[in-house]
Amino acid sequence: MEEPAATRGLDSSLSDGASDDDMPLMLPTDSGGSVRKGCDPFAQTQRSKLQHRRARINQQINKEMRMRAGAENLFRATTNNKVKETVALELSFVNSNLQLLKEELEELNSNMEVYQTDSEAINVPMIPLGLKETKEMDFTGPIQDFICEHYGEDSSLFGREVLELTELRQAMRTPSRNQAGLELLMEYYNQLYYLDQRFFSAHKNLGVHFHWYDSLTGVPSSQRSLAFEKGSVLFNIGALYTQIGARQDRCVTAGIDRAIDAFQRAAGAFNYLKEYFSNAPSLDMSAPSLGMLVQLMVAQVQECVFERIALTTQETSFSSQLHLAQEAAQVSHVYSLVQQTMTQPLMKDYVPFSWASMVQVKSEHFRALSHYYAAAALCDHTFSAEEECDEEAEKAFLRFYANAPAGQTPSQILQDPEKRRKLGKAHLRRAVMKHEEAIRVHSLCKILRKMDILQDVLSQTHKCSLEKYLELDREDEFDETAEAPEIQAQTQQKPDITPPNFSSVQVTDIFQRLGPLSVFCARARWGPVRVICMQRREGGLGLTLRGDSPVLIAGVVPGGCAEEAGLREGDYIVAVGEHDCKWAKHGEVVHMLKSCSDRGVKISVVTLHSHDTQVERKAAMLSHCSDKENSQQRMLGGAKGQSSTSLLNWSRKKKREGGGVAKKLGSTFSLSFGNIRDTEAMY
């Protein structure tokens, strides 16, 4: 199965290492729509089986919750004691089923091995995030009704567009785990902007419900708000990045770099969702949960940074070993911050136990590694007073500890082999203790015990530290081993949070045949189409045209042909004869009018209602200043924007700013009349 032709020439930095199991399904299309398709839903891959089980459990949880809601309503409504006893028994049974289903779903969500690389090398597994599940949707009825009622068009003529939108949404439910899958999700996300502009107004709701399941608990949420749909898709973009990052082969620098990029982009998606969307109906998209996910992604980036430095450090000099120790201490520190976030009241019962255990294991594991490298630096190198590098080593050693050892200067420790041995032994003792703590925490989690790779990593590192400790230990040494000082955490590369690049995937408005968004949108209100029959006189048609896409009748000559036929100033020309002119340029419309026969010409026009015309024109010109979310999304053949209308229960955070900057909508500009005087002419 080959990669779609449209995606072959794109950046493949995240798709290296993809297997055939994750290649997108290519389906024939007669609509000329997107060539990006989701994975084959019937493919029996490990990942697809996992997603199918998640979907089945989500549906069962939804069914049980509906039964519980009905039973609770009956319990409150009835006054019959026998009925109450029966209902109470049923409620206990339903709650028991729900608990079992949630435990089963937690086990699936904790399955990290499915998303890991197929490489035989031993690496600490990463924590990926499963995609949010959603139900199938059919836009046909609601959209066709809206087209008929609002736009006055024959809705049956737009069946191809509705089918294309439905197929795009169906495809994005099963994105492939590579760059093509990311582009598919981004394409649908960008297309939702046009859907909002075309069919969602403040006065009337489209009447469709968006159903999504919580990524971790499977609890269903349903809303009519399109912002909920956008937020859920953006969440899946971040989740897919985590899966791409987890599957990279981190035994080579190229794989590590791809993993770093993927986790940074995942953090950016979750952070964008946290910053620009509010009032989430599901817990996985709440601010505390998203903040935890951002921290987790940052910690995994820091872990990859350490792995790259450890892989590329060829020399085993004193300074390089100290540097590795500080990098490992930094990884331990950021994972400890994630652990603190996971133990907060709201997150404690929400985050899977295996996640919390893995984070604690990693915090202890990398703290142990930092002490191991410190001991290696102290015990594997010798210094003398004549060496020129003593001063450089002393400076590095001086910055190595959070608090320097009491009563000893760095030079005294470095030049005294016995003091270095004792201090190195103290570090190794601390390393062995941390390794044992990591193994203990690992053994407490049933899911982690099944991960052979993690068990191998912990066992090997513990064995190395213990062997080195025994090498330094002496039978005749009766002094108690001193406590090793805390190592100062430090890193050469701080993780970046890379925000989503919405302009990376250009899309075309599926419903562009309805006309330019500057006029033909859900927020504009106009009268029915009027067909005007005119016949040219010696003095011309008696009208002034301005602009294009669509062309505006800027004025009519009193007593002229246009006025007598019924044309009014402010009308928009939507058709000349049988030719649709919604997207026509000024010159094209003029050519059509001049080419009319002596029998006259039929002009189809619409008029924006006077009480909405100025409001809508101003909203179009200022929308990217008043909507904080979409001011970040200038794209899609023009500058991408979104309505600033508040959404019930689930809304975008907004930021009001000044300035009357004209905004490009679709492929047209909504400009003030003063800006287009050069296109005005009388005919």
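Scroll up to find the structure this text is about.
Every residue gets a number counted from 1 within its own chain, in the order that chain's sequence is written. Since the coordinates come from a predicted model, pLDDT governs what is reported: local features require at least 70, and pairs of side-chain atoms require 80 or more to be given and counted, while whole-chain, interface and lining totals use all residues. Calculation of side-chain values draws on the structure's entire complement of heavy atoms; hydrogens and water are dropped beforehand.

Looking at the overall build of the chain
We count it as follows: Only DSSP runs of H or I with at least four residues qualify as helices, and only runs of E with at least two residues qualify as strands; both kinds are numbered from the N terminus onward. Only protein chains enter the accessibility calculation, which uses a 1.4 Å probe; a residue whose area is less than 20% of its type maximum is buried, one above 50% is exposed, and one in between is partly exposed. Whether two residues are in contact is decided by their heavy atoms: any pair within 4.5 Å suffices. Per-residue accessibility takes into account occlusion by the displayed protein chains alone, with areas from the Shrake-Rupley method and a 1.4 Å probe.
Along the chain, the regular secondary structure elements total 20 helices and 13 strands. Every one of the 683 residues in the chain was classed for burial, and the buried ones make up 53%. Sequence separation of 24 or more characterises 78% of the internal contacts of the chain that already satisfy a separation of 6 or more. Put simply, the chain shows about 30,900 Å² of open surface, and 49% of that area lies on carbon and sulfur atoms.

Re the pattern of salt bridges
Rules: The working definition used for a salt bridge is a side-chain nitrogen of Lys or Arg within 4 Å of a carboxyl oxygen of Asp or Glu.
For the structure shown, the criterion picks out 22 salt bridges. The residue Glu-307 makes a salt bridge to Arg-250 at a minimum N-O spacing of 2.7 Å. Linking Glu-307 in helix H9 (residues 287-312) with Arg-250 in the loop between helix H7 (226-246) and helix H8 (253-276), this pair joins segments that are 57 residues apart in sequence. Judged by relative accessible area, which is 12%, Glu-307 ranks as buried. Where Arg-265 meets Asp-261, a salt bridge forms, and the shortest distance between an N and an O atom there is 3.0 Å. In this pair, Arg-265 and Asp-261 are both assigned in helix H8, four residues apart and thus about one turn of the helix distant. Taking the relative accessible area as the measure of exposure, Asp-261 reaches 23% and is therefore partly exposed.

Let's talk about the pairing of strand E5 (residues 543-546)
Regular strands show a simple pattern: their side chains alternate between the two faces of the sheet. Our working definition: The rule for pairing is simple: two strands pair if DSSP sees at least two bridges between them.
Of the two faces of E5, both are covered, the one formed by Leu-543 and Leu-545 as well as the one formed by Thr-544 and Arg-546. In terms of strand pairing, E5 meets strand E6 (residues 551-556) through four bridges, oriented antiparallel. Paired with Leu-543 across the two strands is Val-556, which belongs to E6. Here E5 folds back onto E6 in antiparallel fashion, the turn holding four residues, of which Gly-547 has a positive phi close to 70 degrees.

Some details on the packing of aromatic side chains
Describing an aromatic ring pair means giving the distance of the ring centres and the angle of the ring planes. Here is the rule: Ring pairs shown here join Phe, Tyr and Trp side chains whose ring centres sit within 6.5 Å, with only the six-membered ring taken for Trp; geometry is labelled stacked below 30 degrees between planes, edge-to-face above 60, and tilted in between. In this scheme, the term charge over a ring applies when either NZ of a lysine or CZ of an arginine sits within 6 Å of the ring centre and within 35 degrees of the ring normal.
The full count for this structure, using the stated rule, is 16 aromatic pairs. Ring centres of Phe-306 and Phe-366 lie 5.6 Å apart, and the angle between their planes is 85 degrees; this geometry places the pair in the edge-to-face category. Taken together, the positions of Phe-306 in helix H9 and Phe-366 in helix H12 (residues 353-379) put the pair 60 residues apart, joining distant regions of the chain. The exposure class assigned to Phe-306 is buried, which follows from its relative accessible area of 5%. Three or more aromatic residues link up through ring pairs in this structure, and these residues are Phe-146, Tyr-151, Phe-199 and Phe-511. A cation sits over an aromatic face here: Lys-84 above Phe-75, 5.1 Å from the ring centre. Against the face of Phe-235 rests Lys-132, its NZ or CZ located 5.7 Å from the ring centre.

What to know about the side chain of Thr-607
What counts here: Any N or O atom pair separated by 3.5 Å or less is treated as a polar contact, with the protein-specific requirement of one donor-capable and one acceptor-capable atom, and with residues adjacent in sequence counted only for side-chain atom pairs.
Note on placement: Thr-607 falls in strand E9 (residues 601-607). Here the side chain of Thr-607 touches Asp-571 through a polar contact of 2.3 Å, side chain to side chain. Setting aside residues up to four positions removed in sequence, Thr-607 forms contacts with Trp-526, Gly-527, Arg-530, Arg-568 and Asp-571.

Quick notes on the nonpolar core
Using the following cut-off: Here, nonpolar core means buried Ala, Val, Leu, Ile, Met, Phe, Trp, Tyr and Cys residues that are tied together by side-chain atoms lying within 4.5 Å of each other.
With 132 residues, the main nonpolar core has Ile-143, Phe-199, Phe-397 and Phe-511 as its most contacted residues. With sequence-adjacent residues up to four places away left out, Ile-143 is seen in contact with Val-162, Leu-165, Leu-195, Phe-199, Leu-206 and Phe-511. If you look at the next biggest cluster of nonpolar residues, it comprises 21 residues, including Leu-543, Ile-573, Ala-584 and Val-605.

Observations regarding the packing of helix H4 (residues 140-151) against helix H6 (residues 179-199)
Condition: For every element, the axis is a line fit to its C-alpha atoms; helices are fit only across the contacting stretch, and the angle between N-to-C directions ranges from 0 to 180 degrees. Here roughly perpendicular refers to angles of 65 to 115 degrees, roughly parallel to angles under 35, roughly antiparallel to angles over 145, and oblique to all remaining angles.
Contact geometry of H4 with H6 gives a least axis separation of 11 Å together with a crossing angle of 45 degrees. In terms of orientation, H4 and H6 fall into the oblique class. Here Ile-143, Phe-146, Ile-147 and Tyr-151 of H4 come into contact with H6, specifically with Leu-195, Gln-197, Arg-198 and Phe-199.

Side note on unusual backbone geometry
Put simply, Ser-549 and Pro-550 share a cis peptide bond, and its omega is -5 degrees. By the element assignment, Pro-550 lies in the loop between E5 and E6. Backbone geometry at Asn-279 places phi at a positive 55 degrees, although glycine is not the residue there. Within the fold, Asn-279 resides in the loop between strand E3 (277-278) and H9. Its identity as a non-glycine residue notwithstanding, Ser-549 has a phi of 50 degrees, on the positive side. Within the element layout of this structure, Ser-549 appears in the loop between E5 and E6.

Some remarks on the environment of Leu-206
When you line up the elements, Leu-206 lands in the loop between H6 and strand E1 (210-213). Considering only alpha carbons, one finds Leu-206 and Arg-224, 18 residues apart in sequence, at a separation of 8.0 Å. Other than its neighbours up to four places away in sequence, Leu-206 contacts Pro-142, Ile-143, Phe-146, Phe-199 and Phe-200.

Description of helix H10 (residues 318-342)
Let me state the cut-off plainly: Take the residue count of a helix, subtract one, and multiply by 1.5 Å to get its expected span.
With 25 residues, H10 should cover 36 Å at 1.5 Å per step; its first-to-last C-alpha distance of 37 Å lies within 8% of that length. Burial within H10 is extensive, with 20 of its 25 residues counted as buried.

Quick look at the packing of helix H5 (residues 159-172) against H6
Selection criterion: Two helices crossing with the near one rotated counterclockwise from the far one by less than a right angle form a left-handed crossing, whereas a clockwise rotation gives a right-handed crossing. In this count, Pro and Cys sit with the nonpolar residues alongside Ala, Val, Leu, Ile, Met, Phe, Trp and Tyr, while Asp, Glu, Lys and Arg are called charged and the others, Gly among them, polar.
Here H5 crosses H6 at 140 degrees, and the two axes come no closer than 9 Å. The orientation of H5 with respect to H6, classified from their angle, is oblique. Remark: the crossing between H5 and H6 carries left-handed chirality. Between H5 and H6, the contacting residues are Leu-165, Leu-168, Arg-169, Ala-171 and Met-172 on the first element and Leu-184, Leu-185, Glu-187, Tyr-188, Gln-191 and Leu-195 on the second. Across the contact of H5 with H6, the residue classes break down as eight nonpolar, one polar and two charged.

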